[in-house]
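Tertiary structure, described
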Amino acid sequence: MNKTIIRVENLIIAFGNFRAVDGISFEVSKGEIFGFLGANGAGKTTTIRALCGILNPTSGRVFVNGKDVAAATSVLKPHIGYMSQKFTLYPDLTVYENMDLAGSLYGLDRETVRRRSAELFDFIGLKNIPKGPVKHLSGGVKQMIALASSILHDPELLFLDEPTAGTSPQTRTSFWNLIRQLAAKGKTVFVTTHYMDEAEYCGRIVLMQRGRILALGTPEELKERYFPVRPKELTFCVHKQQETAQKIKRENWGLVSVFGSKLRVYVSNQTAFENFCRNSRDIFTCHDVPPSLDDVFLKAISGDK
């Protein structure tokens, strides 16, 4: 059985009368890539700050490696790496100066910092180290260096708060390749994102909205839970998708999403919908499609199980 490295019990974090995190509970196992998903303002960053000991709970408890974070932050600090949502490097310092500063914060000597930096630059694929201030580097390179900085002290638990926000699709792919490699080395990675496609890389995910957990499970478990019957995708002989969507909504045959020239239908009245498709002259094809996590999230926030 996998060791539990994070345990959260009925965590509430309030700012005045506003609950940014509203009574959430979950566990994370050692070596897991655990994803926290939700739109901006869902409570993801607030949760991650509580897990790192930056914010104290209003109520509830947070345990990391069996220790209460509120009482043992200094003890846990060497075991935790944190890459915040905002850019975490000092823009007027060079790459090496940023690494030296990060190393000093963790009590690493200069020789260890240089050795680890060389290893990590190789790990992130940074072959030629820029000499000028990091503010002149591209967003993707900055994010890679920020990742290297956050794991300079070789932590066993890594918190990444929306690490790929604002980066190119190529950078996002490269970044997630690195995350998977870290997990393969036994690191536990807790990552927040609002990109639903990135959640496919996680072992388990939490869907959050307004400080509360809507659902928790593997991507496949959630797809199966919310879509025991797969959605249908319609293509058309002529441009009748909008007209067809309105009819399906009007007749209450299911939920409809428009994807360009196609419709995706989450059917609630199977018999009536199939009869409609069979008799329609406008529909070219109607077939099952696998649900995406975007589909799952939309269904979860609608309250439809």
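In short, a report on the structure.

Conventions we followed
Residues numbered from 1 in each chain as written. Predicted model: local features only at pLDDT ≥ 70, side-chain atom pairs only at ≥ 80, totals over all residues. Heavy atoms only, no water. Pairing = 2+ DSSP bridges. Helix = DSSP H or I, 4+ residues; strand = E, 2+ residues; numbered from the N terminus. Contact = heavy atoms within 4.5 Å. Axes fitted to C-alpha atoms, helices over the stretch in contact; angles between N-to-C directions. Expected span 1.5 Å × (residues − 1). Buried < 20%, exposed > 50% of the residue type's maximum accessible area, 1.4 Å probe, protein only. Arc of directions from axis to C-beta. Polar contact = N/O pair within 3.5 Å; in protein donor to acceptor, adjacent residues only side chain to side chain. Parallel < 35°, antiparallel > 145°, perpendicular 65-115°, else oblique. Left-handed = near helix turned anticlockwise from the far one by under 90°. Nonpolar A, V, L, I, M, F, W, Y, C, P; charged D, E, K, R; others polar. Salt bridge = Lys/Arg side-chain N within 4 Å of Asp/Glu carboxyl O. Core = buried A, V, L, I, M, F, W, Y, C linked by side-chain atoms within 4.5 Å. Disulfide = S-S within 2.5 Å.

1. Some details on the sheet that holds strand β4 (residues 59–64)
- With respect to topology, 4 strands assemble into an open sheet ordered β2-β1-β4-β5, the strand pairing being antiparallel. The open sheet has two free edges, formed respectively by β2 (18–29) and β5 (67–68), since each of these has just one partner strand.
- Here strand β1 (residues 4–15) pairs with β4 via 5 bridges, running antiparallel. Residue pairing across strands places isoleucine 6 opposite valine 64, the latter belonging to β4.
- Sheet strands touched by helix α1 (residues 44–52): β1, β2 and β4. Its angle to β1, the strand with the most contacts, is close to 120°.

2. Observations concerning helix α6 (residues 169–184)
- Compared with the 22 Å implied by 1.5 Å per residue over 16 residues, the 23 Å span of α6 between its first and last C-alpha is a close match.
- For α6, every residue scored as buried is listed here: Thr171, Arg172, Phe175, Trp176, Leu178, Ile179, Leu182 and Ala183. The arc enclosing the buried residues of α6, seen along the axis, measures out at 155°, which places them on a common side. Structural note: α6 exposes Pro169, Gln170 and Ala184 on the side pointing more than 90 degrees away from its buried face.
- Against the buried residues of α6 lie β3 (33–37), β6 (80–83), α4 (110–124), α5 (139–150), β7 (157–161) and β8 (188–193).
- A positive phi of about 100° marks glycine 186, the residue just after α6.

3. Overview of the side chain of serine 150
- Tracing the backbone through its elements, the reader meets serine 150 in helix α5.
- In terms of polar contacts, serine 150 uses its side chain to reach the backbone carbonyl oxygen of leucine 147, at 2.7 Å.
- If near-sequence neighbours (up to four positions away) are discounted, serine 150 is found in contact with Gly81, Tyr82, Met83, Pro155 and Leu158.

4. Description of the packing of helix α7 (residues 219–226) against helix α10 (residues 293–301)
- At their nearest, the axes of α7 and α10 sit 10 Å apart, and the two run at 55° to each other. Judged by the angle between their axes, α7 and α10 are oblique. Note on packing geometry: the crossing formed by α7 with α10 is left-handed. Every residue of α10 that contacts α7 at Pro219, Leu222, Lys223 and Tyr226 is listed here: Leu293, Val296, Lys299 and Ala300.
- Here the residues of the contact of α7 with α10 are counted per class, giving 6 nonpolar, no polar and 2 charged.

5. Re the pattern of salt bridges
- Within the structure shown, the criterion is met by 23 salt bridges.
- Residue aspartate 100 pairs with arginine 110 through a salt bridge whose shortest N-O separation is 3.3 Å. Placement of the pair is aspartate 100 in helix α3 (residues 95–105) and arginine 110 in helix α4, with a sequence separation of 10 residues.
- Look at aspartate 100 and you get buried, because its relative accessible area is 19%.
- A salt bridge links glutamate 233 to lysine 262; its shortest N-O distance comes to 3.8 Å. With glutamate 233 in strand β11 (residues 232–236) and lysine 262 in strand β13 (residues 262–267), this residue pair connects regions lying 29 residues apart in the sequence.

6. Section: the sheet that holds β7
- With mixed pairing, 6 strands are arranged side by side in an open sheet as β6-β7-β8-β3-β9-β10. Strands with a single pairing partner mark the edges of an open sheet, and in this sheet they are β6 and β10 (212–217). The sheet shows a mean angle of 15° between the axes of neighbouring strands, taken without regard to direction.
- Sheet analysis places β6 next to β7, joined by 4 bridges and oriented parallel.

7. Observations regarding the nonpolar core
- Residues Ile33, Met99, Ile124, Leu147, Leu160, Ile205 and Leu207 are the most contacted members of the largest nonpolar core, which totals 46 residues.
- Residue contacts for methionine 99: discarding those within four places in its chain leaves Val113, Ser117, Leu120, Phe121, Ala148, Ser149 and Leu152.
- The next biggest cluster of nonpolar side chains, apart from the first, holds 27 residues, and it includes Phe34, Val69, Leu76 and Met208.

8. So, the pairing of β2
- Bridge count for β1 against β2 is 9 bridges, and the pairing is antiparallel. Across the sheet, the residue bridging to isoleucine 6 is valine 28, located in β2.
- Here β1 folds back onto β2 in antiparallel fashion, the turn holding 2 residues, of which glycine 16 has a positive phi close to 65°.

9. Quick notes on the state of the cysteines
- Across all of its chains, the model carries 0 disulfides by this definition.
- Of the cysteine sulfurs around cysteine 52, a residue in no disulfide, the closest is that of cysteine 202, at 17 Å.
- Of the residues examined, cysteine 52 reaches a relative accessible area of 11% and is grouped as buried.
- Counting only cysteine sulfurs, cysteine 286 is the nearest neighbor of cysteine 277, a cysteine outside any disulfide, at a range of 4.1 Å.

These figures capture arrangement, not role.
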